[in-house]
Amino acid sequence: MKDLIYKTINPPNLVKDWLGKTIKTKREMSNGCYIISEGTIMLIDNSGPVVGLTGADKCPSCDVKPIISIKGDKEYKLMFFEFIEITGWANVSDDIPGANSEIKEYKPINPPKLISDWVNKPVISKKEIKNYFITIPAGTLMQIYAGAGKTVSVIAEKCPICGIQKRAEIKGTREEKLAYIDFINKEYEKKYESYKFKKY
Ligand SMILES: [Zn+2]
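These numbers come from a predicted model, not from an experiment. (Residues numbered from 1 in each chain as written. Predicted model: local features only at pLDDT ≥ 70, side-chain atom pairs only at ≥ 80, totals over all residues.)

## Brief notes about unusual backbone geometry
At step 1: Unlike most non-glycine residues, N120 shows phi in positive territory, near 75°.
At step 2: Among the secondary structure elements, N120 is positioned in the loop between strand 10 (108–109) and strand 11 (122–125). (Helix = DSSP H or I, 4+ residues; strand = E, 2+ residues; numbered from the N terminus.)

Listed below in structure tokens is the structure:
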């Protein structure tokens, strides 16, 4: 794994000259599939009234190459990112957290009776959850962040490499929803190093 060495530079005057430049996000941004954390390095692949940002590569840990677009005037766009110039790379380690780390074990608990009581509870995916162009693998620690009826929304923990937080919606009856998730004890919520969990 390598870490970027960079310096912040002034943005080119004209928005059309932003194309192909490297930026670092200044705040969290989200679309329907994930949250991109502050400090993510991305490239400008479209510049005009709408600026498109894309990750340079697929993340080796979560398999996401983030994309997002920002609409608004120049000042508004510059609230979301700053321009950087890459000056070098530092070798950190060859480990890919998440992808290679050991699978932790967990014990599922009974889900709260009312779906309205599910919000904020920690859960683990029991099987793959697909959301357009992303997949949340089985064994991913997540939290229910919204929804009390037909649809509940889940959000995964931050990817340890790129900081992406995948999200998805789970629809259907209570039983259909529970085919995708296991509830776990609060004590497991922060007691993990790895991204993957295995039921025992
Ligand atoms: Zn990632």
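From this point, the narrative continues.
## Looking at the sheet that holds strand 15 (residues 151–156)
At step 1: The sheet built from eight strands is open, its strands ordered 3-4-16-15-14-11-17-10 with antiparallel pairing. Every interior strand has two partners, whereas the edge strands, strand 3 (29–30) and strand 10, have only one.
At step 2: Here strand 11 runs beside strand 14 (residues 141–146); their pairing, made up of three bridges, is antiparallel. Bridge pairing links I124 to L141 in strand 14. (Pairing = 2+ DSSP bridges.)

## Considerations on the pairing of strand 14
At step 1: Of the pairings in the sheet, the one linking strand 14 to strand 15 comprises four bridges and is antiparallel in character. If you follow A146 over to strand 15, its bridge partner there is S153.

## So, the confidence of the model for the protein
At step 1: Summing up the model confidence of the protein, the mean pLDDT is 86 and the portion of residues at 70 or higher is 84%.
At step 2: Considering only residues more than four positions removed or in separate chains, one finds that residues 190–195, a stretch of pLDDT under 50, has 13 contacts. (pLDDT = per-residue confidence, 0-100. Contact = placed C-beta atoms within 7 Å.)

## Some points on the environment of Y132
At step 1: The topology assignment puts Y132 in the loop between strand 12 (129–131) and strand 13 (134–136).
At step 2: When the 9 C-beta atoms within 10 Å are taken as the criterion, Y132 is described as exposed.
At step 3: For the pair formed by Y132 and A168, sequence separation is 36 residues and the distance between their alpha carbons is 9.2 Å. (Buried ≥ 20, exposed ≤ 12 C-beta atoms within 10 Å, placed from the backbone.)

## Here we look at the environment of K24
At step 1: For K24, the position within the fold is in strand 2 (residues 22–25).
At step 2: Distance from K24 to I84, taken between C-alpha atoms, is 6.7 Å for residues 60 residues apart in sequence.
At step 3: Those residues in contact with K24 that lie beyond four places of it in its chain are G39, I41, F81, E82 and I84.

## Observations regarding the pairing of strand 6 (residues 50–54)
At step 1: By the alternation rule, side chains of strand 6 split into V51 and L53, which are all buried, and V50, G52 and T54, of which none is buried.
At step 2: As paired elements, strand 5 (residues 41–46) and strand 6 share three bridges and run antiparallel to each other. Within strand 6, the position partnered with L43 by the bridge is T54.
At step 3: Where strand 5 folds back onto strand 6 in an antiparallel hairpin, the turn is made up of three residues.

## Observations concerning the nonpolar core
At step 1: Counting 18 residues, the largest nonpolar core has L53, C59, C62, V64, C162 and I164 as the members making the most contacts within it.
At step 2: Residue assignment for this core shows that the elements contributing at least two residues are strand 4 (34–36), strand 5 and strand 6.
At step 3: Mapped onto the domain boundaries, this core takes at least three residues apiece from domain 1 (2–91) and domain 2 (104–199).
At step 4: Leaving out residues up to four positions away in the same chain, C59 has contacts with V64, C159, I161, C162 and I164. (Core = buried A, V, L, I, M, F, W, Y, C linked by C-beta atoms within 7 Å. Domains from an automatic or database assignment.)

## Section: the environment of I164
At step 1: Turning to its location among the elements, I164 is positioned in the loop between strand 15 and strand 16 (165–171).
At step 2: Using a count of 24 C-beta atoms within 10 Å as the deciding quantity, one classes I164 as buried.
At step 3: Linking I164 and T40, residues 124 residues apart in sequence, is a C-alpha distance of 8.8 Å.
At step 4: Apart from the residues lying within four places of it in its own chain, the contact partners of I164 are Y34, I36, C59, C62, V64, P66 and C159.

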